[in-house]
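Listed below, chain by chain, are the residues.
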Amino acid sequence: MPTYILGIESSCDDTSASVLCDGKVLSNLVANQEIHKSYGGVVPELASRAHQQNIIPVVNQAISKANIDKNQLNAIAYTRGPGLLGSLLVGSSFSKSLSIGLDIPLIEVNHMQAHLLAHFIDDCGSKPSFPFIGVTISGGHTQIVIVKDYFDMELIGETLDDAIGETFDKCGKMMGLNYPAGAIIDKNSKLGDPLKYKFTKPKVGGLNYSFSGLKTAFLRFVEKETKLNPNFIQQEINNLCASLQYTIVEILYEKVILSIKQTDISSVVFGGGVSCNSGIITKFKKNESVEDYVSYFPKFEYTTDNAAMIAMVGYLKFNNKDFSSIEKGAKARYLF
Ligand code: KG4
Ligand code: ZN
């Protein structure tokens, strides 16, 4: 008998639902919330209201695109955390109600674990073997994790202030770019000189990151140059993007290489919205033989927030009969 899992993701500003059959994706729908663009960042209250509007149509479409009846579902996997509490509450309440209505098990999923375990989705390319270094890079997180097994993860480094995606987005806002700015900066970078402007890198010990210094230095620099030439940003946009991206990639790279050396683990697995960045992929792929590691990047649709990765974790937990009680609440902060 095939196992059908419905995954529901609502941790930030994307409402997503997906149906997997034995680990294969039958549908994976994502409703983005355009409303945040005009605010230059996610507004939590607006996000949870938009989730409320989107969740029923998105789930219905995911089930109908999978070409199954909802009564064929074997379990519902949902994002319990981490994320915005109001957003998480919409997905978790909906999932609990549906699991009661259909009388099928409920499975809680940690969003950051799911970003890494997305690599085990059937069509996500070659699968890493354990142990590996997991690097989760998104709008809300920058973490280095030792992944010993599917559900045996140890955090060994993280950002002490801004997340890497947040740095892209906030610096993008300083240049007048739309939110989220990561993909725009990435695109502009391809036309610019990465060495035109130099920004200092943070001096943080161990495997932790810090991006707030870069963000401030970038702001000061842009303000200073704009005073001298009001058209500076417009004229230099590609060089600014390329130089900023170059610095961010260098900061990320140094700590990941340090983690490989410290742990003696030579597989590096990326997850999260920033892991589709062309500068990051090029840098890590180019240096594989130099530093003796293999890097894995997810398929594009599994980089940003998506419910297929939630359903994938649901499938792994379903096989372990690792079900969740409906008493468990959403968790804004949730370390695996
Ligand atoms: O994982 P995700 O969809 O949501 C969070 O959990 O945060 O990541 C969203 C982040 C945003 O900060 C966005 O700017 C960034 O991913 N992003 C990128 C690129 N595409 C999306 N950052 C750099 N380069 C990209 N190509
Ligand atoms: Zn995410």
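Residue indices follow the written sequence of each chain, beginning from 1 at its first position. Labels follow written order: the first chain is A, the first ligand is 1, and so on. Only residues with pLDDT of at least 70 are given local features in this predicted model, and only at 80 or more are side-chain atom pairs given and counted; all residues enter the totals for whole chains, interfaces and linings. Side-chain figures throughout are based on the complete set of non-hydrogen atoms in the structure, without hydrogens or water.

*Asks:* With reference to specific residues and values, describe helix 10 (residues 307-319).
*Replies:* A helix here means a DSSP run of H or I that spans at least four residues, while a strand means a run of E at least two residues long, and both kinds are numbered starting from the N terminus. Working rule for helices: expected span equals 1.5 Å times residues minus one. Helix length check: helix 10, at 13 residues, gives a terminal C-alpha distance of 18 Å against a target of 18 Å (1.5 Å per residue), a fit within 8%. Among the 13 residues in helix 10, 12 count as buried, and that is most of the element. Here the term buried applies to any residue with accessible area under 20% of the maximum for its type, exposed to any over 50%, and partly exposed to those in between, with areas from a 1.4 Å probe on protein chains only. Considered for burial, the residues of helix 10 that qualify are Ala307, Ala308, Met309, Ile310, Ala311, Met312, Val313, Gly314, Tyr315, Leu316, Lys317 and Phe318. Residue Asn306 occupies the N-cap position of helix 10, its side-chain oxygen lying 3.1 Å from the main-chain nitrogen of Ala308. A positive phi of about 55° marks Lys321, the residue just after helix 10. The definition of a polar contact used here is a pair of N or O atoms within 3.5 Å, where within protein one atom must be able to donate a hydrogen and the other to accept one, and adjacent residues in sequence count solely through side-chain atom pairs.

*Asks:* Break down the coordination of the zinc ion (ligand 2) for me, with residues and values.
*Replies:* Around the zinc ion (ligand 2), the protein supplies His111 (NE2), His115 (NE2) and Asp305 (OD) as donor atoms, at distances of 2.1 to 2.2 Å. Excluding water, the donors of a metal are its N, O and S neighbours within 2.8 Å, or within 3.2 Å for Na, K and Ca, and that exclusion means sites may look incomplete. Only two sets of limits are used to name each site, 85 to 135 degrees for every angle of a tetrahedral four-donor site, and over 155 degrees for opposite donors with all other angles from 65 to 115 for a square planar four-donor or octahedral six-donor site, with any other site named irregular. The site at the zinc ion (ligand 2) holds 4 donor atoms, and with the angles between them running 91 to 153°, its shape is irregular. Donor residues binding the zinc ion (ligand 2) come from one chain and are separated in sequence as H-x3-H-x189-D. A residue pair is termed a helical-turn pair when its members lie 3 or 4 positions apart in one helix, as His111 and His115 do in helix 3 (residues 111-117) at 4 residues. Judged by its relative accessible area of 5%, His111 is buried. For His115, a relative accessible area of 0% puts it in the buried group.

*Asks:* Outline the sheet that holds strand 4 (residues 75-81), supporting the account with residue identities and numerical values.
*Replies:* Two strands are counted as paired when DSSP detects at least two bridges linking them. Taken in spatial order, the 5 strands line up as 3-2-1-4-5 in an open sheet, and their pairing is mixed. Either end of the sheet is taken by a strand with one partner, and the two such strands are strand 3 (24-32) and strand 5 (106-110). The average undirected angle you get between the axes of adjacent strands in this sheet is 20°. As judged from the 5 bridges shared by strand 4 and strand 5, these two strands associate in the parallel manner. Across the sheet, residue Tyr78 finds its bridge partner in strand 5, namely Glu108. Contact criterion: two residues are considered in contact whenever any of their non-hydrogen atoms come within 4.5 Å of each other. Geometry is summarised by axes, namely lines fitted to C-alpha atoms with helices restricted to the contacting stretch, and by angles between N-to-C directions that run from 0 to 180 degrees. The sheet contacts of helix 1 (residues 44-65) involve strand 1 (4-9), strand 2 (14-21) and strand 3, and relative to strand 2 the element is tilted by about 20°. Seen against the sheet, helix 2 (residues 85-102) touches strand 1, strand 4 and strand 5 and runs at an angle of roughly 155° to strand 4.

*Asks:* Tell me what's going on with the site of ligand 1, and back it up with residues and numbers.
*Replies:* Being near a molecule or strand, for a residue, means having at least one of its heavy atoms within 4 Å of it. Residues in contact with ligand 1 amount to 19 residues; listed here are only the nearest, Gly139, Asp169, Asp186, Gly273 and Asn277. The backbone of Gly139 places a nitrogen or oxygen atom 2.7 Å from an oxygen atom of ligand 1. Across the complex, the protein chains shield 89% of the 560 Å² of accessible surface that ligand 1 would expose by itself. Of all the secondary-structure elements, those providing two or more residues to the shell around ligand 1 are helix 3, helix 4 (164-174) and helix 5 (182-189). The classification used treats Ala, Val, Leu, Ile, Met, Phe, Trp, Tyr, Cys and Pro as nonpolar, Asp, Glu, Lys and Arg as charged, and all other residues, Gly among them, as polar. Among the residues making up the shell around ligand 1, the classes are represented as 5 nonpolar, 11 polar and 3 charged. Here the bounds of each domain stem from an automatic or database domain assignment. Of the residues that make up the shell around ligand 1, three or more belong to each of domain 1 (4-118 + 303-319) and domain 2 (128-297). Here, Shrake-Rupley sampling with a 1.4 Å probe gives the accessible areas, and only protein chains in the shown set may cover a residue.

*Asks:* Summarise the sheet that holds strand 7 (residues 142-149); cite the residues concerned and give the values.
*Replies:* Whether parallel or antiparallel, the strands of a sheet pair through hydrogen bonds between backbone atoms. Spatially, the 5 strands line up as an open sheet ordered 8-7-6-9-10, and their pairing is mixed. The sheet terminates laterally at strand 8 (152-158) and strand 10 (294-296), the two strands that pair on one side only. Taken over all neighbouring pairs, the strand axes of this sheet differ in orientation by 25° on average, direction set aside. Strand direction decides the pairing type here: strand 9 (residues 267-271) and strand 10, joined by 3 bridges, are parallel. Its bridge partner lying in strand 10, Ser267 is registered against Val294. Those strands touched by helix 7 (residues 232-263) are strand 6 (132-137), strand 7, strand 8 and strand 9, and its axis lies near 160° from that of strand 6.

*Asks:* Describe the packing of helix 5 against helix 7, with residues and values.
*Replies:* It is the contact of helix 5 with helix 7, at a shortest axis distance of 8 Å, that shows an interaxial angle of 110°. Compared by their axis directions, helix 5 and helix 7 come out roughly perpendicular. Across the interface between the two elements, Ile185, Asp186, Asn188 and Ser189 of helix 5 pack against Ile237, Asn238, Cys241, Ala242, Leu244 and Gln245 of helix 7. Residue classes in the contact of helix 5 with helix 7 are distributed as 5 nonpolar, 4 polar and 1 charged. Orientation labels follow simple angle bins: below 35 degrees gives roughly parallel, above 145 gives roughly antiparallel, 65 to 115 gives roughly perpendicular, and whatever is left gives oblique.

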